[in-house]
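What follows is the residue order along each chain.
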Amino acid sequence: MKKFQLSIILFLFLFACAHAQNNVQGNNILPKPASVEISGGHFTFDSQIYLKITASKKEKAILEELIAASPLEVGKKGNKQLVLKVCKNVDGITSPEGYRIETTDKSVTVNAKSGAGLFYAMQTILQYAGNGNTIPTGTIIDEPKFAYRGLMLDVSRHFFDKEFIKKQIDAIAHFKMNRLHLHLTDAAGWRIEIKKYPRLTEFAAWRSKALWKEWWFGDRLYAEEGSPEAHGGYYTQDDIRELVKYAADRYVTIIPEIEMPAHSEEVLTAYPELSCTHEPYKQADFCVGNEQTYEFLENVLTEVMELFPSEYIHIGGDEAGKASWPTCPLCQKRMKEENLKDVNELQSYLIHRIEKFVNSKGRKIIGWDEILDGGLAPNATVMSWRGTEGGLAAVNSGHKAIMTPGGYCYLDSYQDAPHTQPMAFGPYMPIEKVYSYNPTEGLSNEQAKLIYGVQGNLWAEYIPTEELVEYMIYPRILALAEIGWSNPEKRDLNEFKQRSIKAVNGLRAKGYNAFDLENEFGQRKEAKNPIEHLAKGKSVTYAASAPFNDKYNAGGKTALTDGIRGGWTYIDGRWQGFIRDGLDIVIDLGEEKEISSISADFMQMCIPDVWFPAEVTISASADNKNYSEIARIEHTVVRDEELSFKNYGWEGTAKARFIRYRAKCGPQRGWLFTDEIVVK
Ligand code: ACM
């Protein structure tokens, strides 16, 4: 055989191995299954496949529809078979959503304890086959880690119609997520028809500006439905029934959220008698003292519970300003009568009372973690968003928690370098940050049992279009799908990213506007690798008048000479923050050294009050007593909307052991953030 032919054969062999390897390890299955074993052969779907389903009529119909809509070929009869069966017991499976797939070259046999398990097995088979009709032989045993795997969509800040919601249900179900939480009510618009209160949809669902940003920073007026200035929309009760059924047919439960006692400007403008002052356009919080408030909320929830079969109803509970309650006669009267010592207990009174009502209908409440303040309602589940502490407090008191901490789960934050992205609400949170989250890390087994699951939240203040919703959700929700389903021990970021890129390609082929993960810009280049310089590891003394802020300490006294540079956000634990009095430090190089540059980067992000310094002075000394100023850099600080970085430095020749670096705030006197004082 000629050398040339040999190398071609070798190439083809290696290519075939690599291809098989790629497929057999389940490298396109997301979330990653608990166990994949392959036995070397292949099963091909074709018209000779006999499909046999043993399940309830409804479960069977769901599976038949799924298979018919898929690229998998099956026929009515044949000598090969696809068997899908609901069984009481399935080897190796404990969860009702788990499944077991045994594949030989003649048959695919799927056993699961429920229709959901069979549905998820089919999603696995579809992903395994890619766009083809062939899967490897072997065994897959798989089940979820958490029972609750959710996505929240904020349809109040911008309204998205029911067809768009269905499209998102299709996607999340494909990745084995099983909850869609709809944030249906908020200041920006009420989104669900309530027969008893028609003004909610004739008026409170419509506003003067299409874009939330223009409306919120503008007149904040509502509008009559059908008037030329009306922007918004709502789901009719028929729409809701259609959505609930569509979701249920994909094993997704829709959890409605009705906000109370805050975020309710739209209700309190339509029905001002429910606020403390009875004036429209004045209040965000319901009057907690007024009996009419309970009548309204219970009537609304009654209609909501008739529409949504979900065991859980989300009642909001977050961010109440409570500003009018201390001066409202009815709220004060209620506090006296009920022996409530502060407004937190007053809020807690409302939540307890609503919980009792919801429980009386056989349902349970979920609330944002503020429902812990003033005493948690007895059967409530907490959705932990202000970090993880709320979730921990909930499980420590025997309650279930759904983990949605902002730093990992808020999908309205930047997923790539901010200057390359559409304007977003939160800081840089790339897919690897989401993927690094482990909801049960550090918890005991007992505590971990009460972690009900995880959820990605898409708040929509800065998300006015359907394209942008999808762009922000996909692929970061895949990280949460995997955290919710797969074992944390099996996590490998690079391998996950490769699967996510394949999933992005699949989503794009189906018409989803997913972010192009494969071509992401990525982390700030300075932050990618540690930097070596003369001051690295040297001691830093902070002037008593200008300490670093404890919350943004970046590791404390060594932060500015640890060689670690900051990334795209000041909350990445690498930027040290100084408030108002600026920065004033001395670095001791240990001995006198020849130096040729001293510099530091600062960040500006005006909305959260982070500014460039107005002046930096750099001085050098041999003895820490007599300093000579070697540079003074002045900068006119100008407000802008962009996240930006600026280097304040000096270059020249000098000899010094001690370096004093001072940075002063400008007239704004907000925050200064720097990551490293680099000396060369
Ligand atoms: C929230 O982000 N206000 C729950």
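Since we're looking at a predicted model, the values are computed, not measured.

Colleague: Whenever I open this one, the packing of aromatic side chains confuses me. Can you help?
Modeller: Note on aromatic pairs: each is described by the distance of the centres and the angle between the planes. Under the definition given, this model contains 41 aromatic pairs. Both rings, one in Phe-425 and one in Tyr-462, keep their centres 5.4 Å apart while their planes meet at 40 degrees; by these two values the pair is tilted. A residue pair is termed long-range when its members are at least 10 positions apart, and Phe-425 in the loop between helix H13 (406–409) and helix H14 (431–435) and Tyr-462 in the loop between strand S16 (451–458) and helix H16 (466–473) qualify at 37 residues. Take Tyr-462: its relative accessible area is 13%, and that puts it in the buried class. Note on Phe-602 and Tyr-648: the rings are 5.3 Å apart at their centroids and 80 degrees apart in plane angle, and the pair reads as edge-to-face. A residue pair is termed long-range when its members are at least 10 positions apart, and Phe-602 in strand S19 (residues 583–604) and Tyr-648 in strand S22 (residues 644–664) qualify at 46 residues. Judged by its relative accessible area of 0%, Phe-602 is buried. The exposure class of Tyr-648 is buried, given its relative accessible area of 0%. Feature note: the residues Phe-203, Trp-212, Trp-215, Trp-216, Phe-217, Tyr-222, Tyr-281, Phe-425 and Tyr-462 constitute an aromatic cluster, connected by ring pairs. We note Arg-207 situated over the ring of Trp-215; from NZ or CZ to the ring centre the distance is 5.6 Å.

Colleague: Explanation requested: helix H11 (residues 343–360) in the structure shown.
Modeller: Note that an α-helix has 3.6 residues per turn; residues three or four places apart therefore point the same way. End to end, H11 covers 26 Å across 18 residues, agreeing with the expected 26 Å (1.5 Å per residue, within 8%). Packing partners of the buried residues in H11 comprise strand S11 (253–260), helix H9 (291–307), strand S12 (312–316), helix H10 (329–338) and strand S13 (364–368). Capping the start of H11 is the job of one residue whose side-chain oxygen sits 3.1 Å from the backbone nitrogen of Asn-344: Asp-342.

Colleague: Looking at this model, I keep getting lost on helix H4 (residues 162–174). Mind explaining?
Modeller: Here H4 spans 19 Å end to end across 13 residues, near enough to the 18 Å set by a 1.5 Å rise per residue. Listing the buried residues of H4 in full gives Phe-164, Ile-165, Lys-166, Gln-168, Ile-169, Ala-171, Ile-172, Ala-173 and His-174. Where H4 begins, the capping side chain belongs to Asp-161, and its oxygen is found 3.2 Å from the backbone nitrogen of Glu-163. Residue Lys-176 follows H4 closely and has a positive phi angle near 65 degrees.

Colleague: Even after reading the chapter, I still don't get the side chain of Thr-569, so can you show me in this structure?
Modeller: One can find Thr-569 in the loop between strand S17 (539–542) and strand S18 (576–579). A distance of 3.0 Å separates a polar side-chain atom of Thr-569 from the backbone nitrogen of Ile-571. Filtering out sequence-adjacent residues up to four positions away, Thr-569 remains in contact with Pro-427, Tyr-428, Trp-575 and Met-603.

Rules behind the numbers
- Residues numbered from 1 in each chain as written.
- Predicted model: local features only at pLDDT ≥ 70, side-chain atom pairs only at ≥ 80, totals over all residues.
- Heavy atoms only, no water.
- Phe/Tyr/Trp six-rings, centres within 6.5 Å; stacked < 30°, edge-to-face > 60°.
- Helix = DSSP H or I, 4+ residues; strand = E, 2+ residues; numbered from the N terminus.
- Buried < 20%, exposed > 50% of the residue type's maximum accessible area, 1.4 Å probe, protein only.
- Lys NZ or Arg CZ within 6 Å of the ring centre and 35° of its normal.
- Expected span 1.5 Å × (residues − 1).
- Contact = heavy atoms within 4.5 Å.
- Polar contact = N/O pair within 3.5 Å; in protein donor to acceptor, adjacent residues only side chain to side chain.

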